[in-house]
Each structure stands twice: as structure tokens, then as C-alpha cells.
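As a plain string of letters, each chain reads:
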Amino acid sequence: MSPVEPGAAPVEPGAAHEEPGAAPAEADTPPVEPGAAPVEPGAAPAEHHRLHPFTPLRRAWVPIGAVIGVLSQQVDRAQEWARDLGSVLGVLLLLGLLLLGALYGFLSWWFTSYAVTDTELRIRTGLLFRRTAHIRLDRLQAVDVTQPLLARATGVAKLKLDVIGTDDKDELAFLGEREARALRAELLARAAGFAPAEAAGVGEAPVHGLLRVPADRLWRSLLLSLGVWGALAGGLAASVAVWWISASLVVSLAMLLPVLGGVWAASGGRFLTEYDWTVADSPDGLRLDHGLLDRAHETVPPGRVQMVRIVEPLLWRRRGWVRVELAVAGSKNDVLVPVAERGEAYAVVARVLPGVELADLEFAPSPGRASRWVVPVWWKGYGLAVSPQVFAARHGRLCRRTEIVPHAKVQSVRLTQGPWERARGVADVSVDHGANGTVTARLRAAAEAAEFLHAQADRSRTGRADASPDRWMT
Amino acid sequence: MGLPGGLLRLRRLLLVLWTTVLGVVTAVLTGVLAGPAWAATGLVWAGVLGWGWVMLGRNWRSWRYAERADDLLISRGVLWHEQTVVPYGRMQLVEVTSGPLERRFALASVQLHTAAAASDAKIPGLAPAEAERLRDRLTELGEARSAGL
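Residues numbered from 1 in each chain as written. Chains lettered and ligands numbered in written order. Predicted model: local features only at pLDDT ≥ 70, side-chain atom pairs only at ≥ 80, totals over all residues. Heavy atoms only, no water.

Looking now at the overall build of chain B. Of regular secondary structure, chain B possesses four helices and six strands. For chain B, the succession of helices and strands along the chain, N to C, is α-α-β-β-β-β-α-β-β-α. Expressed as a percentage of the 149 residues in chain B, the buried residues total 40%. Sequence-distant contacts, at least 24 apart, represent 47% of the contacts inside chain B between residues at least 6 apart. Just so you have it, chain B exposes about 8,000 Å², and 67% of that area is on carbon and sulfur atoms. (Helix = DSSP H or I, 4+ residues; strand = E, 2+ residues; numbered from the N terminus. Buried < 20%, exposed > 50% of the residue type's maximum accessible area, 1.4 Å probe, protein only. Contact = heavy atoms within 4.5 Å. Areas by Shrake-Rupley, 256 points an atom, 1.4 Å probe, with all protein chains shown as cover.)

What follows is the structure, given as C-alpha cells:
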């Protein structure tokens, strides 16, 4: 408590003079501190750590940025105001603002701490509104270490924890780079079921590289994306048409801008994030390292993957390239491999879903005579395959997508049949998985679908029995 | 098992109320604005009433649920037919809800939640005693077969 007061006290008069908002923030801090103190002895012997001292510098920009944002929106009023104020007062105001920002950054850093206990990670944040998050380690879905460009320059990193049902609030930003890696290793070791004493010393699990995407293959694959070229051509054509009709260059350029933004996100932006994509295997799960400017190091612990999707765009098929996406409950990571040869990609998938041989899946097509009239042309893309481990459904003709759900992750099974489908004697079968998604096998023969519904329910029920435990080292 | 008659009565009552109100409003408006002969357009709503009456009956009859050994099966819909199977072990939460109108007709709904938001398994219009029995039974079965994600 004491370090806050002296640091804060000199700021108070200057800040209170200009911005009354500073006063309540200052006044409210003392009651918060004693309130927090009793938690400490009650919260087990776990010791609380603070984040890296770089953090306040970064957080300080939040209020300053907000003020600048407001000012720049009302430029005229601000200029007028500045003239009235005079230069001395203006400089004082600026200083006050800076100090306020520094104070905010310092206080938010001071009041954020984390502790690792035997079963939980506890994060305490909040200056006025306290928030204590207890994250159960055996429910951890993924742990990511990310380094934005600025953070890379200063040698710090952000640790992000994915748990089902929470927003992206649970992150520790920033930690020292080495500290972040050590903490990740410890969290994963404890989540795996190592004893606490061991966990701290286990260190990084041995890593065994599986796949690395070369840069030239990545940019080639991005150039071979029909969707991007289609969007670009469509956007250009539309804006030329608008120019021709309205004779206003500005309007047509304004129309083109969002299209260009989207094209950039799907090509250049993806190149930046997917650059140097490395997939490695470790006992803690798969490690994904990628990024040109912002480096990210993701870890997906074993048995957390709910769904795997193999995407094969039209122009990639001749080269035998595929993209692999995955769904993990509560996590936003969705790319497993941005582009790879089919065989390499299947080998990676086999690590994520043990015992699954994708090459051996045999897809049964939809019955042609009935489906032709329900979904013309595209019905040929539909397919369904079931192995003892997984349910797999395929759809799409230009861009073929194969979605694979392990039976153990299936939450419920549904059969739907519209009036037109019933007339043709077909039905759709869907399975819902734990990452809030649904995989649908469309247009199966009605009798097969009805039988399948019950068979799949049995498989999902029993599939759980031989799944690996949540604590994978026990 | 099908649903008890209360839900059908409630839905048909609401249908009669709404079509009568709308029919009267249409008849009065057209009668005043376009002449008395036009008031007959209100009869369109009588047609809607008749059609809705039959449809509600068919929809109500299509609802089925079965507690099987290891999962709950819900089947519903006539034109758009849907069957849902939820293994007991995957249930995260079972809730019984009952709005003011439903309470007036002594009805309650049971809704199951799994980790997937899409698996929407709801059984409307049960007798409260049956709803509670089902809830307790499902929770019990769910506990016995519970599993993580």
C-alpha cells in the first residue's frame, strides 16, 4: 500500500485541478487495498506475482489515447479551447494528462497479480471493480504466448489462457519473455497432473518438430485463392460500373476501399500471421509458432480438439495441398496448418486425433437419384464417413471441406427432414460438438439416416469411455 | 410419450383470441373506410383460424419424447421433422420453466443444455409433476453417466 501513496500523492493536486475524474480514482484506492489484503492469507500459501514492469508504460496509453480520440473528433472546439486557455495552462494540462495516464498505468499494474496454486491459476485485477478469476488447470483448453511487435522489441510477452465459457479477459499482459515461457511450462505441467513440487522444475517439455511451412509455399498458396481474386475482380468491376454510371471517382473509390481491406486481410494479413508456421509435437500437446511481425506461440493440450476441418480449395487440389483448421472449446485459434501436402497434414491430424487415419476414411456419396432434385449440382460434394473413432462429413465442390468430429466429443445428434427432402426420401444428420459448432451430413437416404441417428448416439456414448483423461500425464 | 392436452388447449385459445381480435379490427376498418360490403374481408381471419386450428393439432400430435436406456430422444415437427438424441452423460444442465400463461394452464417446459449451444432439446407443455419427475430423473441419470468435455 505504501508505495502507491507517495507515487500518487504529487500527482493529485495537478490532476485534480484540471480533471476532476482523477480525484475519485485516487480517493477510492485506499478502501480497495485493505479489502484485498485479507484475501491473501485465505488464498492458500500461493504467492502472488506482479506482471512485468513494462506493463504500466503500455497501459498508460489507454486514457491518453481516449482523450486524444475525443479531441480529434472535435477539432474545431479543441482549437478554440486551446486558444482561450493560453500556452502555459495548455502545457500544464498536457502534463497533467500525462501524469494521469502514468498514474492509471501504474495503479492498474499495481493491482494486477497472479498466483499459481495446486489446481488453479488465480488472476486478480481491477482498481475500482475488483475481479478475481480462478482458472481450473484441468479445464485449461489452450495456452498461448503472443508477442506483438512492440513487445518483441522490449522482450516481453503476453500469456493467454483459454477456458470454456469465458471471454478473452483471461490473459496476463505483460510478462518477461522467459517468465512467460516458464509459466506456460509450469501451468501445462500442473494441468498434466504433475505434483506441484515437480511441476515448477519440469520445465519445457521436449519438443519434436513435425512440420514447417516454407514462405514461398505460403505466398503461392495465398495467390492461388479463388475467393480473393473473385472478391478483387468483383470489387473492381462494381467500382468501375459505379464510376461509369455516376461519373464520380470518389464514390467508386469509397466503394473499393472495404473490398481492398478484405482482400488484404485474406492475403497479406494472412501471410503476416501465418509466416514461418511451425507445428511441433510435445507431451503437452501441439505447439504452433507463427507470425512475421507479431510472433505467437500456441499450445493445444491433448484431447482438447473438438473438430478438425480439412479445406481443399479448387486451385490447390492439383498440387495436393490442404489447409487444416480446428475447433477447441473456448479458444479462438482455428488454424492448425495453413498449407501443407496432404500426407504431411494427415500426419499432423493423426497427432491431434490419436488413432485416426484420414486416408482410410471412405466417404459414401449421397444417393444421386433423390438428391439431384433437392440440391442440384452441389449434391455431388456431399459425403459421409464413419470410423470407430470419428464422424466425418464432406461438402462443397469448388472448395471442398471435410469436417471430422471424434465420437467422444459429440454432444447430441439430430436428424432433420424438410418437406421437399421427405418427398425425395432423404434426410440430414447433424452432430453438435463441444466448441459450439455443428457438423452436418446432408442428404442421406431416410432409412440410413434414421438408423444412423441411433448408432451415432451409441458411438458417442461409448466413445467417451476410452478417451484420454483430462490430466494427460496421470 | 406424447404431450398432455393442456398445451394444445392453450395454443388454440391464443389462436382464437388473436384471430377474433384481428378479424374484428379488419372488418371494422374496411367497413368504415371502404363501405359495409368490404367488412366481409374480416372473414379471411376465420380461414386462418380454421387452418391454424388443424396445424396446431398436427404439430402437437407430432411431439414425442422417450427416455431410453442411455439417451433422451425428442421427435417433433410435421413438415420440418426433427429428431434429437442427447446422451444422458452429455447433459450439463436441466431446467424447468413455466411462464404466467403456462402456469394458468398448469403447464411447464423442460429444457436440456449440453456444452453445444446448438443441441437445443426442449419439451414444452408438460404437466408440472411430470416435468419435475423428468428433471429429477434426467439429473440422476446424467450424474451417473457424467463425463467431461
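Let us now look at the side chain of Lys 158 of chain A. All names here are of chain A. Relative to the helices and strands, Lys 158 resides in strand E6 (residues 156-163). Although Lys 158 lies buried, it forms no salt bridge, and the closest oppositely charged side chain, Glu 171, sits 4.0 Å away as judged by the N-O distance. With sequence-adjacent residues up to four places away left out, Lys 158 is seen in contact with Asp 144, Val 145, Thr 146, Glu 171, Leu 172, Ala 173 and Phe 174. (Lys, Arg positive; Asp, Glu negative; His and termini not counted. Salt bridge = Lys/Arg side-chain N within 4 Å of Asp/Glu carboxyl O.)

Note: α-helices contain 3.6 residues per turn, so residues at a spacing of three or four share the same orientation. All names here are of chain A. Those residues of helix H17 (residues 342-352) that sit buried are Ala 345, Tyr 346, Val 348, Val 349 and Val 352. Viewed end-on, H17 has its buried residues packed into an arc of 160 degrees, placing them on one side of the element. Residues of H17 that are buried make contact with strand E8 (208-212), strand E9 (278-282), strand E10 (285-290), strand E12 (305-312), strand E13 (321-328) and strand E14 (335-341). (Arc of directions from axis to C-beta.)

This paragraph deals with helix H13 (residues 226-246) of chain A. Residues and elements named next belong to chain A. In a regular helix each residue adds 1.5 Å, so 21 residues correspond to 30 Å; H13 covers 30 Å between its end C-alpha atoms and thus fits that length. All of the buried residues along H13 are Val 228, Gly 235 and Ser 239. For H13, the arc enclosing every buried residue in end-on projection is 35 degrees, short of the 170-degree limit, so these residues lie on one face. Across from the buried face of H13, at angles greater than 90 degrees, the exposed residues are Trp 244 and Ile 245. Count one or two residues on from H13 and you reach Ala 247, which has phi positive near 55 degrees. (Expected span 1.5 Å × (residues − 1).)

Glancing now at the environment of Ala 370 of chain A. Residue and element names in this part refer to chain A. Tracing the backbone through its elements, the reader meets Ala 370 in helix H18 (residues 368-371). Its relative accessible area of 13% is what places Ala 370 among the buried residues. For the pair Ala 370 and Arg 444, spaced 74 residues apart in sequence, the C-alpha separation works out to 9.4 Å. Discounting residues that sit within four places of it in the chain, Ala 370 has contacts with Arg 424 and Val 426.

Now for the packing of helix H1 (residues 6-34) of chain B against helix H2 (residues 44-62) of chain B. Residue and element names in this part refer to chain B. Direction vectors running N to C along H1 and H2 enclose 165 degrees, while the axes themselves pass 9 Å from each other. For the element pair H1 / H2, the angle class is roughly antiparallel. In this structure, the crossing between H1 and H2 has a hand that is right-handed. Contacts from Leu 7, Leu 8, Arg 11, Arg 12, Leu 15, Val 16, Thr 19, Leu 22, Gly 23 and Thr 26 of H1 reach H2 at Trp 45, Val 48, Leu 49, Gly 52, Trp 53, Leu 56, Gly 57, Asn 59 and Trp 60. Across the contact of H1 with H2, the residue classes tally to 11 nonpolar, six polar and two charged. (Axes fitted to C-alpha atoms, helices over the stretch in contact; angles between N-to-C directions. Parallel < 35°, antiparallel > 145°, perpendicular 65-115°, else oblique. Left-handed = near helix turned anticlockwise from the far one by under 90°. Nonpolar A, V, L, I, M, F, W, Y, C, P; charged D, E, K, R; others polar.)

Residues and elements named next belong to chain A. Within the structure shown, the criterion is met by six aromatic pairs over all chains. Between Phe 106 and Trp 110, the aromatic rings sit 6.0 Å apart at their centres with planes inclined by 20 degrees, giving stacked as the arrangement. One end of the pair is Phe 106 and the other is Trp 110, both in helix H8 (residues 87-110) and four residues apart, which spans about a single turn. Taking relative accessible area as the criterion, Phe 106 reaches 26% and is therefore assigned partly exposed. Centroid distance Phe 391 to Phe 452: 5.6 Å. Interplanar angle 50 degrees. Geometry classified as tilted. One end of the pair, Phe 391, is in strand E17 (residues 390-395); the other, Phe 452, is in helix H20 (residues 446-463), and 61 residues separate them in sequence. Here Phe 391 and Phe 452 have matching classes, each one buried. An aromatic cluster is present here, built from Phe 106, Trp 109 and Trp 110 joined pairwise through their rings. Note that Arg 220 overlies the ring of Trp 219, its terminal NZ or CZ placed 5.7 Å from the centroid. The positively charged end of Arg 394 is found above the aromatic ring belonging to Phe 363, 4.4 Å away from the centroid. (Phe/Tyr/Trp six-rings, centres within 6.5 Å; stacked < 30°, edge-to-face > 60°. Lys NZ or Arg CZ within 6 Å of the ring centre and 35° of its normal.)

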